[in-house]
Amino acid sequence: MPSVISAIVVDELVRNGVQWFVYCPGSRNGPLGFELARRARAGEINLQVRLDERSAAFVALGITKATGLPAAVVTTSGTAVSNLLPAVTEANYSDLPLVLVTANRPPDVLGTGASQTVDQTALLASQVRHVQQLWSGDSAGATANGVLRSQVCRALGIGTGRLVGRPGPVQLDVPLSSGLPPQTETSSPAGRPDGMPWIAMPEIPRSQHPDATEIDLRRPTLVIAGDGADPAALPAHLPCMAEPTVDVGGRRRLHPWVLDQVRPEQVVVYGRPTLHRNVGRVLARPGVRSVLVAGGGDWLYAAPDIEVLSRNPRWTGAASPVWIEELERADTIVRDAWTRTMTEPADRRTGVGVAHAVLNALRPGDLLWLGASNPIRDVSLTGPVPPGVQVLSNRGVAGIDGNVSAATGVALAHPDRTVVALLGDLTFAYDASGLQTGRLERMPANLIIVVSNDAGGGIFELLEQGDARYKREPYGDTFERIYGTPQNIDISHLCSAYDVAHATVEIDDLPAALGRARTAQRLSVLEVPVTRTALRDVHAGTRQAAEEAFDATAVSAMNLELELHS
């Protein structure tokens, strides 16, 4: 029975579009593992076996993010399920259809004190769209076949957003009476003909009709596009401030500091722009009409400052050439300031310098994975991203956990593309076990991890608590202990333990090192030592240079106007 149930469940998942399975070793989920291994040997699915459930879930999440298709992580019962929570939380807030297949003890032993039994249908309930405990019985006749397959279809329909709401993670809890492998070749009841799912779901509805919200572009309008924004929905030819994970197409991507220099009358927000604090400041300005473009679901970005919620607004009028010129002029001034900063050797030897060097070394077709905290912000400040490069990052809850594993999933899903992951040293250390690969598993030879090593949490240098007065008495070394948190880790030795190539490179040598890593065909880590303490001054100096340029431009415009009047 466990083998038959497992075969039905796996078959129906495949019929519903699941191509990748990440399996974690265990006893209770053994029948699922044997069926997955059988199908992988037959070339019917992609299978990766990972020891750590937390890492495995992030690998599956990376695959889902990279392909847009649901990927499944398969675990045994007990604490194995609780280890899925970090990745499930990220999938929830990123609207990713991650599938959790959790083996369980049969219902008749739950609550009896049996080993490795917990109420695992409730463990993840706050972060999943749906929890489905699958049928459990003593026969696998036609009725059970239909019940199991329809349960899988319903869960996948909810997870992919075909039935209700927005996509997100779903849990299939599979009670199995035994973890023993099949004694003979498993023969399971058949599904629908031609590989079709048991229940054919409708495609995800896309409304083609505008709602009642009108956005008149004759008013100075600022478009802000955060993670998850649909580029096709953005108004054509209007510059927008977009985060690195958003493809703006042919539009001009405004530098985030432009928001501090212009005075729009209305701001239209797409996606989740969570990188820069000045977005919130713009939305909170008196007299600014704020519109959030969002689909179904119960989550609202920046709810206290949003005036209008629209699903598919109607754009009217045409943007004034004077307004567009003002946006583009501000963008040029800020980017020129950063370009000058990156020519200073001392300023380059920081995290922003590493981001700048990585961007200049990328090629069309590359995938860039960005870690949370400073790396994605550094790319946003020193960009733009080169044409033809896709950017991915965990921006749902923006945690530093699981980044090595998620980048690994992206590389596994796209073996024909080079994946460059830019991570801070703490983000790398937090998920170092993501480098761990079984001897029988495929390592992502197309993954290059660049570690910007500033010996601690660089982002805190830029926040209020990073001010110099908090690094003196009466605080003593408190900042370093609770914010800086430098780690006692030798990254080269760590990589050696996982049989991963490692090189320590200076920032000016990084482009050449990336070129060598491309041809090595081996998972590689490039460690770039940089300074953390200078970061606050680098930002302050660049802001001052930009402000001086704005002041000079304003004076020139004023003098020109006086000459015209005279």
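Predicted model, so just to flag it, every value in this text is computed and none were measured.

Take the overall build of the protein next. Looking only at helices and strands, the protein has 19 helices and 19 strands in total. Computed over the C-alpha atoms, the radius of gyration of the protein is 26 Å, within 12% of the 24 Å expected from 2.2 N^0.38 for a compact globule of 566 residues. Along the three orthogonal principal directions, the C-alpha set of the protein runs to about 95 × 60 × 50 Å. Here the protein, with 566 residues, has 53% of them falling under the buried criterion.

A word on the pairing of strand β16 (residues 419–424). In terms of burial, β16 is largely enclosed, as six of its six residues are buried. A two-sided burial pattern is seen for β16, the buried positions comprising V419, A421 and L423 on one face and V420, L422 and G424 on the other. For the crossover from β16 across helix α14 (residues 425–430) to strand β17 (residues 447–453), the handedness is right-handed.

Enumeration over the complete set of coordinates arrives at 26 salt bridges. Across the salt bridge formed by R54 and D431, the nearest N and O atoms sit 3.3 Å from each other. Pair noted here: R54 is in helix α3 (residues 53–67) and D431 is in the loop between α14 and β17, with a separation of 377 residues, a long-range link. Residue R54 is classed as buried on the basis of its relative accessible area, which comes to 17%. Between R252 and D331 there is a salt bridge whose closest N-O contact spans 3.0 Å. Here R252 is found in the loop between β9 (240–242) and β10 (266–270), whereas its partner D331 is found in helix α9 (residues 321–341), with 79 residues between them in sequence. The class for D331 is buried, based on a relative accessible area of 2%. Three or more residues joined by partner-sharing salt bridges are found here, namely D11, E12, R15, E35, R38, R39, E44 and R149.

Before going further, it helps to examine the nonpolar core. One finds L100, W369, F428, L435, L447, I449 and V525 to be the most contacted residues of the largest nonpolar core, which totals 48 residues. Secondary structure elements with two or more residues in this core: β1 (20–23), α3, α5 (85–94), β14 (367–370), α13 (403–413), β16, β17 and α17 (491–497). For this core, the element with the highest residue contribution is α3, accounting for eight residues. In this structure, L259, V267, W323 and V352 belong to the second largest nonpolar core, which totals 32 residues.

Now for the side chain of R50. Structurally, the position occupied by R50 is in the loop between β2 (46–49) and α3. Although R50 lies buried, it forms no salt bridge, and the closest oppositely charged side chain, D431, sits 7.1 Å away as judged by the N-O distance. For R50, the side chain forms a polar contact with the main-chain oxygen of Q436, separated by 3.2 Å. Ignoring any residue separated from it by four or fewer positions in sequence, one finds R50 in contact with V22, Y23, C24, P25, S55, A56, V59, T408, S433, G434, Q436 and T437.

To continue, consider the environment of V358. Relative to the assigned elements, V358 resides in helix α11 (residues 351–361). The buried category is assigned to V358, whose relative accessible area is 1%. Residues in contact with V358, not counting those within four places in the same chain, are L368, V420, L422, V450, L510 and L514.

Here we come to the packing of α3 against α13. Packing of α3 against α13 brings their axes to within 6 Å, and their N-to-C directions diverge by 50°. Classified by the angle between their axes, α3 and α13 sit oblique to one another. Between α3 and α13 lies a crossing of right-handed hand. Counted together, S55, F58, V59, G62, I63, A66 and T67 of α3 and S405, A406, G409, V410, L412 and A413 of α13 form the full contact between these two elements. A class-by-class count of the residues in the contact of α3 with α13 yields eight nonpolar, five polar and no charged.

What follows covers the sheet that holds strand β5 (residues 130–133). Strand order in the open sheet formed by six strands is β2-β1-β3-β4-β6-β5, with parallel pairing between adjacent strands. The open sheet has two free edges, formed respectively by β2 and β5, since each of these has just one partner strand. Ignoring which end each strand starts from, the neighbouring axes of this sheet average 20° apart. Here four bridges tie β5 to strand β6 (residues 170–175), and the two strands are oriented parallel to one another. Within β6, the residue paired with Q133 across the bridge is D173. Strands β1, β4 (99–104) and β6 of the sheet are contacted by helix α1 (residues 2–15), whose axis makes an angle of about 140° with β1. Sitting on the sheet, helix α2 (residues 30–41) is in contact with β1, β2, β3 (72–75) and β4, with an inclination near 135° to β1.

Quick look at the sheet that holds β9 now. Spatially, the five strands line up as an open sheet ordered β9-β8-β10-β11-β12, and their pairing is parallel. Taken across any chain shown, the strands that pair with only one partner, and hence form the sheet edges, are β9 and β12 (308–310). Sheet twist, expressed as the average angle between the axes of neighbouring strands with direction ignored, equals 20°. In this structure, strand β8 (residues 221–225) lies alongside β9, joined through three bridges in parallel fashion. Counterpart to A225 in the pairing with β9 is A242.

Another point: the pairing of strand β11 (residues 289–293). Of all five residues making up β11, five are buried, and the element is well covered by its neighbours. Residues R289, V291 and V293 point to one face of β11 and S290 and L292 to the other, with burial holding for every one of them. Handedness of the crossover joining β10 and β11 through helix α8 (residues 277–283): right-handed. Two strands pair when backbone bridges link them, and β11 and β12 are joined in this way by three bridges, in the parallel orientation.

For the bond from G383 to P384, the omega torsion is 15°, close enough to zero to count as cis. In this structure, P384 sits in the loop between α12 (374–382) and β15 (390–392). E473 connects to P474 through a cis peptide bond whose omega is 15°. Along the chain, the position of P474 falls in the loop between α15 (459–462) and α16 (478–484). Even without being glycine, D194 reaches a positive phi, approximately 60°. Turning to its location among the elements, D194 is positioned in the loop between β6 and β7 (214–216). Look at D194 and you get exposed, because its relative accessible area is 77%.

Cut-offs and rules
Residues numbered from 1 in each chain as written. Predicted model: local features only at pLDDT ≥ 70, side-chain atom pairs only at ≥ 80, totals over all residues. Heavy atoms only, no water. Helix = DSSP H or I, 4+ residues; strand = E, 2+ residues; numbered from the N terminus. Rg over C-alpha atoms; globule rule 2.2 N^0.38 Å. Buried < 20%, exposed > 50% of the residue type's maximum accessible area, 1.4 Å probe, protein only. Right-handed = clockwise from strand over helix to strand, strands pointing away. Salt bridge = Lys/Arg side-chain N within 4 Å of Asp/Glu carboxyl O. Core = buried A, V, L, I, M, F, W, Y, C linked by side-chain atoms within 4.5 Å. Lys, Arg positive; Asp, Glu negative; His and termini not counted. Polar contact = N/O pair within 3.5 Å; in protein donor to acceptor, adjacent residues only side chain to side chain. Contact = heavy atoms within 4.5 Å. Axes fitted to C-alpha atoms, helices over the stretch in contact; angles between N-to-C directions. Parallel < 35°, antiparallel > 145°, perpendicular 65-115°, else oblique. Left-handed = near helix turned anticlockwise from the far one by under 90°. Nonpolar A, V, L, I, M, F, W, Y, C, P; charged D, E, K, R; others polar. Pairing = 2+ DSSP bridges.

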